[in-house]
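Below, each chain spelled out in residue letters.
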Amino acid sequence: MGVARVGSVSSVVQATLPGVGAPVAAQAEAPMSAAVQARWDHIAAELRCLVCQNESLASSNAELALDLRRELRSLIEQGKTDADIRSFLVSRYGDFVLYKPEVKPVTWLLWFGPFVLLLGALVLALRLMRRTLAEPAPLTDSERARVRQLLES
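Residues numbered from 1 in each chain as written. Predicted model: local features only at pLDDT ≥ 70, side-chain atom pairs only at ≥ 80, totals over all residues. Heavy atoms only, no water.

### Some words on a nonpolar patch on the surface
Among the surface-exposed residues, V103, W108, L110, W111, F112, F115 and V116 lie close enough to one another that they form a single nonpolar patch of about 750 Å² accessible area. Within the fold, V103 resides in the loop between helix 4 (82-93) and helix 5 (108-130). (Patch = residues over 30% accessible without salt bridge, like charges linked within 9 Å, V, L, I, M, F, W, Y side chains within 5 Å. Areas by Shrake-Rupley, 256 points an atom, 1.4 Å probe, with all protein chains shown as cover. Salt bridge = Lys/Arg side-chain N within 4 Å of Asp/Glu carboxyl O. Helix = DSSP H or I, 4+ residues; strand = E, 2+ residues; numbered from the N terminus.)

Okay, structure coming up:
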């Protein structure tokens, strides 16, 4: 009896809301002008997909990337400057959205960390190479006698 009610509720919902349960058709977007396309290509190549992380926004097929591409197009068509678009996306998603984040105190480790580690490794390598091995102290007479005894036995 419960199954029949669910089925009847489902058919009632479909009867009153014919779009429910039907696949949503993707609307084709109007083609971009050459100037808008060039700006879009340039900006989208500088932005990181937040899902894929190592793909640009332009090359990612993640759903979030599709939404961000639509948002990017909308911002370009609204006449926003490239700097305005970047600052909007950074305020919303953080510096991680940029492939080349700005150099500021928050990102110093990101920008300079690899160089500091490389410099530290070079300093350590130079110290290890320059370290002279101390010559061993000469054996005492008792140590020489012990060595002879061990070798002869």
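Okay, back to it.
### Re the environment of L89
Assignment of secondary structure puts L89 in helix 4. A C-alpha to C-alpha distance of 9.7 Å links L89 and E71, two positions 18 residues apart in sequence. Once residues within four sequence positions are removed from consideration, L89 is found in contact with L47, L68, G94 and V97. (Contact = heavy atoms within 4.5 Å.)

### Focus on the packing of helix 2 (residues 34-46) against helix 3 (residues 63-77)
Here helix 2 crosses helix 3 at 130 degrees, and the two axes come no closer than 10 Å. In terms of their interaxial angle, helix 2 and helix 3 are classed as oblique. Relative to helix 3, the crossing made by helix 2 is right-handed. Within the contact between the two elements, helix 2 uses V36, R39, W40, I43 and A44 and helix 3 uses R69, L72, R73 and I76. When the residues that make up the contact of helix 2 with helix 3 are grouped by side-chain class, the tally is six nonpolar, no polar and three charged. (Axes fitted to C-alpha atoms, helices over the stretch in contact; angles between N-to-C directions. Parallel < 35°, antiparallel > 145°, perpendicular 65-115°, else oblique. Left-handed = near helix turned anticlockwise from the far one by under 90°. Nonpolar A, V, L, I, M, F, W, Y, C, P; charged D, E, K, R; others polar.)

### Some points on the packing of aromatic side chains
All chains considered together, the criterion is met by zero aromatic pairs. Between the NZ or CZ atom of R48 and the centre of the ring of F96, over which it lies, the distance is 4.7 Å. (Phe/Tyr/Trp six-rings, centres within 6.5 Å; stacked < 30°, edge-to-face > 60°. Lys NZ or Arg CZ within 6 Å of the ring centre and 35° of its normal.)

### As for helix 3
Under the 1.5 Å per step criterion, the end-to-end length of helix 3 is 21 Å for 15 residues, consistent within 8% with the ideal 21 Å. On its buried face, helix 3 sits against helix 2 and helix 4. Downstream of helix 3 by a residue or two, G79 has a phi angle that is positive, lying close to 90 degrees. (Expected span 1.5 Å × (residues − 1).)

### Brief notes about the side chain of R69
Assignment of secondary structure puts R69 in helix 3. Nearest to the buried, unbridged R69 among oppositely charged side chains is E55, at 7.6 Å. Sequence-distant contacts of R69, that is, excluding residues within four places in its chain, are made with W40, L57, A58, S60 and N61. (Buried < 20%, exposed > 50% of the residue type's maximum accessible area, 1.4 Å probe, protein only. Lys, Arg positive; Asp, Glu negative; His and termini not counted.)

### What to know about the side chain of R73
With respect to the helices and strands, R73 occurs in helix 3. Assessed through its relative accessible area of 11%, R73 is described here as buried.

### A word on the pattern of salt bridges
Applying the stated criterion across every chain yields a total of six salt bridges. Ionic pairing is found between R70 and D67, a salt bridge with its closest N-O pair at 2.7 Å. You can see R70 and its partner D67 sitting in helix 3, three residues apart, about one turn around the helix. According to the relative accessible area criterion, R70 is partly exposed, its value standing at 42%. For D67, a relative accessible area of 43% translates into the label partly exposed. Measuring nitrogen to oxygen at the nearest pair gives 2.9 Å for the salt bridge that ties E77 to R73. With E77 and R73 both in helix 3, this residue pair falls four residues apart, about one helical turn.

Keep in mind these numbers describe shape, not what the thing actually does.
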